[in-house]
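Per-entry structural report
Each chain is listed here by its residues.
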Amino acid sequence: MLRIVVMVSGGGTNLQAIIDGVKNGTITNTEIAGVISNNRNAYALERAEKSGIPNRCVSPKDYESREIFNEKLLEAVDEYSPDLIVLAGFLVVIPPAMIERYRNRMINIHPSLIPSFCGKGYYGLKVHEAALERGVKVVGATVHFVDEGTDTGPIILQKAVETQQGDTPEVLQRRVMEQAEWIILPRAIDLIANGKVRVEGRRTVIEE
Ligand code: GRF
């Protein structure tokens, strides 16, 4: 049974897709051991509470330095003894010690087809604003392992979504969530839970 911790900062629609996936069996062999947010007002924490999932807030505001926050965040994660950490809209820079300890056991969902519209400064609506500004016809989402870079770890799954005439960033964001994020993040977790993802250098090999 794969024990996962999901780390969130906002509305938690990706967390909800994971919760629903475990419930309806599209995610097998997995249990959500806990949910951690840096934002005490994150609706994602309410989603966890409603589903009876242990959850807590570890906020940088509660600590006198980033270093102490980083230590406390890693301690909080370790307490759940996860096999896999899932960053689902977690907007805090991951401490290097956590990347090291959970190398190839920490995944992130990014709302673009990496390597487009990713890296520093590309998060949330900014990703979709940049895609519309560039006028691309295809966008999408990517699930990847987390390494020391920003959105640079080995790619696990991607799913494309077409833009439509008149899209606003908000409309496009919602379509990418519905048609890509909420599908590939649960699928990636299920693949990992069943030992079907192997990292080879900077890439992955997926056994379907
Ligand atoms: C999603 O768009 C995800 O791609 C990005 O942050 C957003 C989180 O949304 N990393 P939610 O909190 O899962 O609704």
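Refer to the structure presented above.
Residues numbered from 1 in each chain as written. Predicted model: local features only at pLDDT ≥ 70, side-chain atom pairs only at ≥ 80, totals over all residues. Heavy atoms only, no water.

**Quick notes on the pattern of salt bridges**
- For the structure shown, the criterion picks out 11 salt bridges.
- A salt bridge links Lys72 to Glu75, with the shortest nitrogen-to-oxygen separation between them at 4.0 Å. Taken as a pair, Lys72 and Glu75 lie in helix H3 (residues 66-79) at a separation of three residues, close to a single helical turn.
- For Lys72, a relative accessible area of 32% puts it in the partly exposed group.
- A relative accessible area of 40% means that Glu75 is categorised as partly exposed.
- We note a salt bridge from Glu200 to Arg198, for which the minimum N-O separation is 2.9 Å.
- Within the structure, one salt-bridge network assembled from shared partners comprises Glu100, Arg103 and Glu148. (Salt bridge = Lys/Arg side-chain N within 4 Å of Asp/Glu carboxyl O. Helix = DSSP H or I, 4+ residues; strand = E, 2+ residues; numbered from the N terminus. Buried < 20%, exposed > 50% of the residue type's maximum accessible area, 1.4 Å probe, protein only.)

**Considering the packing of helix H5 (residues 125-134) against helix H6 (residues 169-193)**
- At their nearest, the axes of H5 and H6 sit 9 Å apart, and the two run at 110° to each other. The pairing of H5 with H6 is recorded here as roughly perpendicular in orientation. For the pair H5 and H6, the sense of crossing is right-handed. Residues Leu125, His128, Glu129 and Leu132 of H5 lie in contact with H6, whose contacting residues are Pro169, Glu170, Leu172, Gln173 and Val176.
- Residues that form the contact of H5 with H6 fall into these classes: five nonpolar, two polar and two charged. (Axes fitted to C-alpha atoms, helices over the stretch in contact; angles between N-to-C directions. Parallel < 35°, antiparallel > 145°, perpendicular 65-115°, else oblique. Left-handed = near helix turned anticlockwise from the far one by under 90°. Contact = heavy atoms within 4.5 Å. Nonpolar A, V, L, I, M, F, W, Y, C, P; charged D, E, K, R; others polar.)

**Here we look at the sheet that holds strand E4 (residues 84-87)**
- The sheet built from seven strands is open, its strands ordered E3-E2-E1-E4-E5-E6-E7 with mixed pairing. Every interior strand has two partners, whereas the edge strands, strand E3 (55-57) and strand E7 (155-162), have only one. Within the sheet, the average angular offset between the axes of one strand and its neighbour, ignoring direction, is 20°.
- Of the strand pairs in this sheet, E4 and strand E5 (residues 106-110) are connected by three bridges, and their pairing is parallel. Across the sheet, Leu87 pairs through a bridge with Asn108, a residue of E5.
- Against the sheet, helix H2 (residues 43-50) makes contact with strand E1 (2-8), strand E2 (30-37) and E3, and its axis sits at roughly 155° relative to E3, the strand it touches most.
- Where H6 meets the sheet, it contacts E1, E2, E4, E5, strand E6 (138-145) and E7, and its direction lies at approximately 155° from that of E7. (Pairing = 2+ DSSP bridges.)

**Side note on the layout of surface pockets**
- Size it by volume and the largest pocket reaches roughly 920 Å³.
- Listed by contribution, the elements that provide at least two residues to the lining of the largest pocket are helix H1 (13-24), E5, E6 and H6.
- Within the lining of the largest pocket, the residues separate by chemical class into 15 nonpolar, 19 polar and five charged.
- Here the second largest pocket defines a volume of roughly 150 Å³.
- Surrounding the second largest pocket, Ala131, Leu132, Gly135, Val136, Lys137, Thr163, Gln164, Gln165, Gly166 and Asp167 form its lining.
- By residue class, the composition of the lining of the second largest pocket is three nonpolar, five polar and two charged. (1 Å grid on protein atoms, 1.4 Å probe; cavity = no way out; pocket = protein on both sides within 12 Å on 5 of 7 lines; lining within 4 Å. Points joined across faces, edges and corners; volume = space filled by probe spheres on them.)

**Looking at the pairing of E5**
- The buried count for E5 comes to five of five residues, which makes it a mostly enclosed element.
- The side-chain alternation of E5 yields two buried faces, one formed by Met106, Asn108 and His110 and the other by Ile107 and Ile109.
- Sheet analysis places E5 next to E6, joined by four bridges and oriented antiparallel. Looking at E6, one finds that Ile109 is bridged to Val143.

**A look at the nonpolar core**
- Val6, Ile107 and Ile189 are the most contacted members of the largest nonpolar core, which totals 42 residues.
- Looking at this core element by element, the count peaks at 10 residues for H6.
- Every residue in contact with Val6, bar those within four places of it in the chain, is listed here: Leu15, Ile18, Ile32, Gly34, Val35, Ile36, Val86 and Ala88.
- Ranked by size, the runner-up nonpolar core spans 21 residues in total, among them Met7, Ile36, Leu74 and Ile85. (Core = buried A, V, L, I, M, F, W, Y, C linked by side-chain atoms within 4.5 Å.)

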